[in-house]
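Structure at a glance
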Amino acid sequence: MKNFKAKKFREQFPLLYRQRSSTEIHEHKLSDQGENKSLVYFDNAATTQRPCCVIERYQFFYQELNANVHRSSHSLSAKATSAFEQARQCVTDFIHAKSIKEVIWTKGATESINLIANTLGEQILSPNDEIIITVSEHHANIVPWQLLAKRTGSLIKVLTLEKDGRIDISAFERLINEKTKIICCSHVSNVIGKVNPIDVVIAKARDVGAISIIDGAQAVAHFTIDVQALDCDFYLFSAHKMYGSTGVGVLYGKQHLLESMPPYQAGGEMIKTVSFNQPTTFNVLPFKFEAGTPNIAGIVAFSQAIKFMSQFNQKEIIQYEHQLTRYCYQALTKIPQVKFIVQGLPDIPVIAFIINGHHNHDIASTLDSFGIAIRSGHHCAMPLMEYLNISGCLRVSMAAYNTIEEVDYFIDCLTKAINQEGTASVSNISTNINAETNKGQLTAEINSSVATIMAQFSAIKSWDARHREIMMLGKTLNRLDKYARNDQSLISGCESLAWLVVSKNKKGLYFFQADSDAKIIRGLLVIVLAAFNDKTAKQIQMFDIQSYFEQLGLMQHLSPSRGNGVLAIVDKIKCLAMSGKVE
Ligand code: PMP
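Residues numbered from 1 in each chain as written. Predicted model: local features only at pLDDT ≥ 70, side-chain atom pairs only at ≥ 80, totals over all residues. Heavy atoms only, no water.

Considering the packing of helix α3 (residues 52-65) against helix α11 (residues 296-310)
For clarity, the cut-off: As a rule, the C-alpha atoms of each element are fitted with a line to give its axis, helices using only the stretch in contact, and angles between N-to-C directions run from 0 to 180 degrees. A run of DSSP states H or I qualifies as a helix once it reaches four residues; a run of E qualifies as a strand once it reaches two. Both are numbered from the N-terminal end. The crossing is said to be left-handed when, going from far helix to near helix, the turn is anticlockwise and less than a right angle, and right-handed when the turn is clockwise. The contact rule is simple, with two residues in contact once any of their heavy atoms fall within 4.5 Å. In the scheme used here, Gly and all other residues not listed as nonpolar or charged are polar, with Ala, Val, Leu, Ile, Met, Phe, Trp, Tyr, Cys and Pro taken as nonpolar and Asp, Glu, Lys and Arg as charged.
Where α3 meets α11, the axes come as close as 8 Å, and the angle between the chain directions of the two elements is 145°. You can see that α3 and α11 cross each other, and the crossing is right-handed. Of the residues in α11, those in contact with C53, V54, R57, Y58, F61 and Y62 of α3 are I296, A297, G298, V300, A301, Q304, A305 and F308. Residue classes in the contact of α3 with α11 are distributed as eleven nonpolar, two polar and one charged.

In structure tokens:
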């Protein structure tokens, strides 16, 4: 077993050495700051980066081993099948399962949960039976149960948290009873980063004869898992959160439960015999639950990720991750505007907080302009946000390849983002959209145009300078009156709040006025409105927003991810112009 050396470990991850452009480096005077010329990747709870050996194994599979598994008698298929089944053995050993029969390949944690809900869930639930879920679950461990509850007439009971973010065991004791049939709990929440007392949960579930399901998506990368010692009924996770491939997941289940469950999806390889004259019979475990061609290359590469991690002293990795967590947490406590969403130091390097007086999205996008990737929003845990009475939060999630220097750089940039007023010049752009209400009609005086915005942005070379320009533009957008920011004008599809109102003059020209609670979105709105205001419905339809944003060097903001929702705003504008609806 190798000793864990943070620097050597990091060197295995090529994407972390992706250099930022020379203009960006120059802009931030990074030349003497070594590491910070590279990406600072603090979004590991969403997905980790892959080491070279995993990338190479993936490529090797396609170059040397590619054939379908279990189906053919030729030698290439035999080799592929052998690598595929060795990967299953590798996972079996990794989680200390009794047998390979208990390890089912899925697409990810989400599919693993859906598999249980749609098979065992259907089988065991009757009307008024109860399912216990914690309030801090990822949507993947909520929505399948909501759908199941609707289909079966069963009820969902929600388990609340202690002040430190761990589940409240005394509340759990009050909630659980003989009607409880299923208990689903994350080993570690993807937002809070605290280890839940799942041993107590599993033991209590067993006492009342309920099935215990542990979502280990955030746990597997950070500590060793022993499903036999835990004695849970099911344990599940995704490969991509522990240096493996996307589209690969694991469902561990106790053999007797898996055997008693009906199949999930139907198709090739999950059957023993198929006939139109006899009932179709199903394959043995684990194949009964693996219909269709799996992600063979991804699974083979995943076993390489496990081997890669297993060569290091696990205790040293855990210690190093704790050191990073503590260091970052303590540095954050020194920033007065930082407010943690729950009390106390997290157990894994996942730290969630808000910044008083700033929109999460503004902070995250400013950090992005400094080359730091963190996540903002609801983190697929909207019930948790509601419970904590926040609209979203920022999340820093680190891995064993992150460094103390990166944390220092992050804290430095976060401080700048909080204090930033912006210095870019927008003197030659006037986007003074003066909305006046006259019997509900809005009129707008638009001085900015696509041409002036293009001219302004063409002079800017670096990503962070463009970011500052957008933030400055945001300041020039006239805010919508309070009354106009309502449910009707709210645009769905944005993680920040954004509102849009429209009017049309006698010549058939449209005028849009918009607003957002995030500064960055207000800046982007100025850019978007310049393209669509004072245009006919036809011109609005014809306008090529992709090429406009491409020329401005702002394609990142047109991402179809829900991050900022610019595409949703553009869709709403086009939709309103098409329908001719004027509010
Ligand atoms: N559960 C938890 C706790 C998670 O963090 C995630 C991913 N963020 C999931 C489930 C879903 O995982 P996947 O998208 O890989 O299926």
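Things to note about the site of the ligand
For clarity, the cut-off: Any residue with a heavy atom lying within 4 Å of a molecule or strand is counted as near it. Nitrogen and oxygen atoms within 3.5 Å of one another constitute a polar contact, given that in protein one can donate a hydrogen and the other can accept it, and given that sequence-neighbouring residues count only through two side-chain atoms. Throughout, the Shrake-Rupley method with a 1.4 Å probe supplies accessible areas, and for residues the shown protein chains are the sole cover considered.
The environment of the ligand is formed by G108, A109, T110, H138, A140, N190, D215, A217, Q218, S238, H240 and K241. At 2.7 Å from an oxygen atom of the ligand is found a side-chain nitrogen or oxygen belonging to H240. Out of a free accessible area of 390 Å², the ligand has 85% covered by protein chains. Here the residues of the shell around the ligand sort into three nonpolar, seven polar and two charged.

What to know about helix α17 (residues 463-476)
Worth spelling out the cut-off: Here, expected helix span is obtained from the residue count minus one, scaled by 1.5 Å. Exposed residues in this analysis have more than 50% of their type's maximum accessible area, buried residues have under 20%, and partly exposed residues fall in between, with area computed by a 1.4 Å probe over protein chains only.
Counted at 1.5 Å a residue, the expected span for α17 with its 14 residues is 20 Å, and the 21 Å between its end C-alpha atoms agrees. Across the 14 residues that make up α17, a large majority, eleven, are buried. Taken together, the buried positions of α17 are W463, D464, A465, R466, H467, E469, I470, M471, M472, L473 and G474.

What about the sheet that holds strand β15 (residues 393-397)?
As a reminder, the rule being used: A strand pair is defined by DSSP finding two or more bridges across the two strands.
Strand order in the open sheet formed by four strands is β11-β12-β15-β14, and the pairing between neighbours is antiparallel. Each edge of the sheet is formed by a strand with only one pairing partner; in this case those strands are β11 (338-340) and β14 (375-377). Sheet twist, expressed as the average angle between the axes of neighbouring strands with direction ignored, equals 35°. As judged from the three bridges shared by β11 and strand β12 (residues 350-355), these two strands associate in the antiparallel manner. Bridging across to β12, F340 finds its partner in F353.

Re the sheet that holds strand β6 (residues 211-215)
Spatial strand order, β2-β8-β7-β6-β5-β3-β4: seven strands in an open sheet with mixed pairing. Whereas interior strands pair on both sides, the edge strands pair on one side only; in this sheet they are β2 (103-106) and β4 (155-159). Shown here is a sheet whose adjacent strand axes are inclined to one another by a mean of 20°, direction ignored. Two elements, strand β3 (residues 130-134) and strand β5 (residues 180-186), share four bridges in a ladder whose sense is parallel. Within β5, the residue paired with I131 across the bridge is I182. Against the sheet, helix α4 (residues 75-94) makes contact with β2, β7 (234-238) and β8 (249-253), and its axis sits at roughly 120° relative to β2, the strand it touches most.

Focus on the pairing of β6
In plain terms, the rule: A clockwise course of the path from the first strand over the helix to the second, judged with the strands pointing away from the viewer, identifies a crossover as right-handed.
With five of its five residues buried, β6 lies for the most part within the structure. In this sheet, β6 lies alongside β5 in parallel orientation, the contact comprising five bridges. Counted as the bridge partner of C185 is I214 from β6. In terms of handedness, the path from β5 via helix α8 (residues 198-208) over to β6 forms a crossover that is right-handed. Across three bridges, the pairing between β6 and β7 is parallel. Paired with I214 across the two strands is Y235, which belongs to β7.

Purely spatial values, then, with no claim about function.
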